[in-house]
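Chain by chain, the residues:
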Amino acid sequence: MGGRPSSPLDKQQQQHLKGQVDTLLRNFLPCYRGQLAASVLWQISRELGPQEPARCQLLHSKKLPRVREHRGPLTRLQGHPPQWQLVFCVLRGDGRLEWFSHREEYENGDRPLGSMVLTGYTVLTSQSEYLHLLDTLCPESSRHHTQEAPDPLLEMPVSFPLFLQHPFRQHLCFSAATAEVQRAWRLALQGGIRLRGTVLQRSQAPAARAFLDAIRLYRQQQGHFGDDDVTLGSDAEVLTAVLMRELLPALRAQTLPGLRETGRARAWAWAKLLDAVHAAVLAGASTGLRAFQPEKEELLAALEKTIRPDVDQMLKLREHVLGRLQAPRGGDPGQCLPLAANVQGPLESCLRRKVDAQLPRVTQTLLSAVEAELTAVQVLLTQGMDRLSRHLRGSPSSTRLRKEVYSFGEMPWDPELMQTCYREAERSRGLLGQLAAPFGFSGTQRLVFGAQDLAQQLMADAVATFLQLADQCMTTGLDCDQAAQQLEKVRGRVLKKFQSDSGSARRSFIHGWLLCIFFPFVLSQLELSCKAELPEFEGDVLAVGSPALTIEGIYEDVIRGVLLQRINRELKKALGASNMSCTLDGCSELPWDQAETDVETEAQRGTCSRQPGSSTEV
C-alpha cells in the first residue's frame, strides 16, 4: 500500500496492454469523429434558432470549481513491508492529494513523497468495512490468514482511519489523530473526489457533448446500454475505465491463480497489479488523445466551415427523414413504413409495460432529493446573509467586517458548511439505485455528484449576486443601521432570484437524469427489433454528404422524442399546475431542445480555458 518501486508487469504484458489501448482508440475515434460533427450541427442550430430570453436571474459566479486546500499530519500505511508512518498531507485545490515526510518539505517547495489524483476513489472511515472490502476484492484471501503473513491492519487497530479505495488503483490507507481531524479530512477528500470526477459534466462545450455521446455509442456497440459511473473523470480517465472493465474478467482468470501471497496480502498484491495495469492503460489513452488533438482541432474548424452554410438544408432533411420514419408511405395510406411499424408498436409497448409504472416513483424520488438539497442551500444562504446583517448592526471594526464578508464569499467552498446540503443528495442514493437498477442504470454516484455540483453552483451564484448588489447599494454616508437596512433589501432580492433559478435548475436536473435512466434502457429493448430496418433510409441521409447527420442519430431522436413526451407529462404532474408557463423551460419534446445535463470535456484542450481538475493525469 506504499509507493510503486517497480512495475509488476513484464515487457510482454506491457506490449499487450499497448495493443489493447490501440485497439480501443481505433474503434472509439470513429465514433468520436462522428459525434464531433453532430455536436457542431447541434450547436449551430441552437445559435441560429429562436433565442429564448435568459432565464437565470442570479449572476453567474466567476470563480472556477475548486476545493479548499486542506493540509495537516496523518499517519500512512506505506513501505515494504507496509508500516504506519507519520506524513504531512496536502489536498490541492485541483483535487490532487500529496504527502511529504515532514511539513518543512512542503513549506520549502520540495517534491512530495507521493501524490494521487482522486478521480474514482471512495473514502471509507471504518476499518472493518475496509477489511471486508479486501476480502471481497480477493475472496480467497479471507480463507488464508496465516501467521507467516502478519497483517499490520489487524496488529494495530486504527481508531480514526481514512481508507481511499479505487476499483483499479492502489489503495491509500491513512489514520487521523482525532475524530474531528478525521471528519475534516473526509469532507475535504470527498470534495476533491467530486471535483475530479465531474470535470466532463460541468462543461458546456460541443466537444464535450461529442466525447460523452461517443462513449455511449461505443459502449452500445459492445452491448452495454445502461448508464453508469464510467464517465467520471477526464477523457483519458474515462477511456481507461472503459478498457479496464473490459479487461477485468480476463485479468482475474489469468492472474489471480498465480499470486503467491496469502491472506489479505493477496488482495494487496492484486490491487498493486491492477494499479500497474491502470497506469499503463492511462498512459496509452493519454498519449492517443494527445495525438488526436491536432486532427480534432482541424476537424472542428472544417466542420464549422462546411456545416454552417448548409445548416438549413441539413435541418430540413432531418425533419424530412423524421417524418418518413413516422408517416404512411405516399400513395398508399394502408402501406406503412417498415420502421414506423417496427418502432411505434414495440416502443409504445415497452413504455407501457416497463417504464410507465416506475416513471412516477423515480420522478418523485428525484424531486424529493433535489428539493431537500436546494432547501438546505436556501437555509444556509439565508443564515449567511443574516449573519452579515447582525455583524453590521453591531458596529464591528473594518477588519472584522472584511473577515465576515470573506467568510461569506467562501461559503460555497466550505466543505463543513456545504455538507448540510450535500448529505440530502446522499440520503436518496440507496432508494434511487434500487428503483433505477431494473433499467440497467448504475450511475448513482454520478447522479449524487451532479446534485452536489448543482447545490454548490447555485450557492456560488447567490453569494456572488448578494455581494455585487450589496456593493452597489452601500455608500460611505450610511451608518450601520442604514447599511443593515440596505442589506435586508438585498437579501430579499437575492432570495427571490434564488427561488426562481433553483426552480428552473431543479426541473432541468430531474429532466436530464430521467433521460439518463430510461433512454438507454428503451434503446436496448428496441435494438433487435428496429435497427435492422435502418439501412433502407440511409440513402436520404447520405445524399447530404455530411457526417453530422446519420440515420442512427435520427432514429434515436424518434425514440427520445416519444420518451420525452412521457417524461414531460410526468414532470407536470409531479411539479403541480402552478407556474406551468415555466415548468418545462428547456424541456421541449424536440430531442435537440431537451434540457440535458450540461457537459464539457477536457478533450477540447486548446479550445477552451482550462479549469482546475481538467488536465489528463498520467
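Overview of the structure. The structure presented is a predicted model; accordingly, all values stated were derived computationally and were not measured.

### Considering helix α13 (residues 415–427)
- Counted at 1.5 Å a residue, the expected span for α13 with its 13 residues is 18 Å, and the 17 Å between its end C-alpha atoms agrees.
- The principal kink in α13, of about 40°, is found at cysteine 421.
- Of all the positions in α13, only Met418, Gln419, Cys421, Tyr422, Glu424 and Ala425 are classed as buried.
- Of the residues that open α13, the one with a side-chain oxygen 3.0 Å from the backbone nitrogen of glutamate 416 is aspartate 414.

### Side note on the packing of helix α7 (residues 235–255) against helix α8 (residues 263–307)
- For the pair α7 and α8, interaxial distance at closest approach is 9 Å and the crossing angle is 140°. Here α7 lies oblique to α8, going by the angle between them. Two packed elements cross with a definite hand, and for α7 against α8 that hand is right-handed. Within the contact between the two elements, α7 uses Asp235, Ala236, Glu237, Leu239, Thr240, Leu243, Met244, Leu247, Leu248, Leu251, Arg252 and Thr255 and α8 uses Trp270, Leu273, Leu274, Val277, His278, Val281, Leu282, Ala285, Ser286 and Leu289.
- Along the lines of polarity and charge, the residues of the contact of α7 with α8 split into 15 nonpolar, four polar and three charged.

### Structural notes on the nonpolar core
- One finds Phe28, Tyr32, Phe211 and Leu239 to be the most contacted residues of the largest nonpolar core, which totals 75 residues.
- Elements that contribute at least two residues to this core include exactly α1 (11–48), α3 (127–137), α6 (206–221), α7, α8, α9 (311–325) and α18 (551–575).
- Here this core gets 17 residues from one element, more than from any other, and that element is α8.
- Residues within four places of leucine 239 in sequence aside, it is in contact with Leu24, Leu25, Phe28, Phe211, Ile215, Ala285 and Leu289.
- Grouped together as the second largest cluster of nonpolar side chains are 74 residues, Val355, Met385, Leu458 and Ile559 included.

### Topic: the packing of α1 against α6
- Axis separation between α1 and α6 bottoms out at 7 Å; the angle between their running directions is 135°. Between α1 and α6, the crossing angle belongs to the class labelled oblique. Along this stretch, α1 crosses α6, giving a crossing that reads as right-handed. Note on element contacts: α6 touches α1 through Pro206, Ala207, Arg209, Ala210, Phe211, Asp213, Ala214, Ile215, Leu217, Tyr218 and Gln221, opposite Leu24, Asn27, Phe28, Cys31, Tyr32, Gln35, Leu36, Ser39, Trp42 and Gln43.

Quick notes on the rules
Residues numbered from 1 in each chain as written. Predicted model: local features only at pLDDT ≥ 70, side-chain atom pairs only at ≥ 80, totals over all residues. Heavy atoms only, no water. Helix = DSSP H or I, 4+ residues; strand = E, 2+ residues; numbered from the N terminus. Expected span 1.5 Å × (residues − 1). Bend = angle between axes of the 7 residues up to and from the residue. Buried < 20%, exposed > 50% of the residue type's maximum accessible area, 1.4 Å probe, protein only. Polar contact = N/O pair within 3.5 Å; in protein donor to acceptor, adjacent residues only side chain to side chain. Axes fitted to C-alpha atoms, helices over the stretch in contact; angles between N-to-C directions. Parallel < 35°, antiparallel > 145°, perpendicular 65-115°, else oblique. Left-handed = near helix turned anticlockwise from the far one by under 90°. Contact = heavy atoms within 4.5 Å. Nonpolar A, V, L, I, M, F, W, Y, C, P; charged D, E, K, R; others polar. Core = buried A, V, L, I, M, F, W, Y, C linked by side-chain atoms within 4.5 Å.

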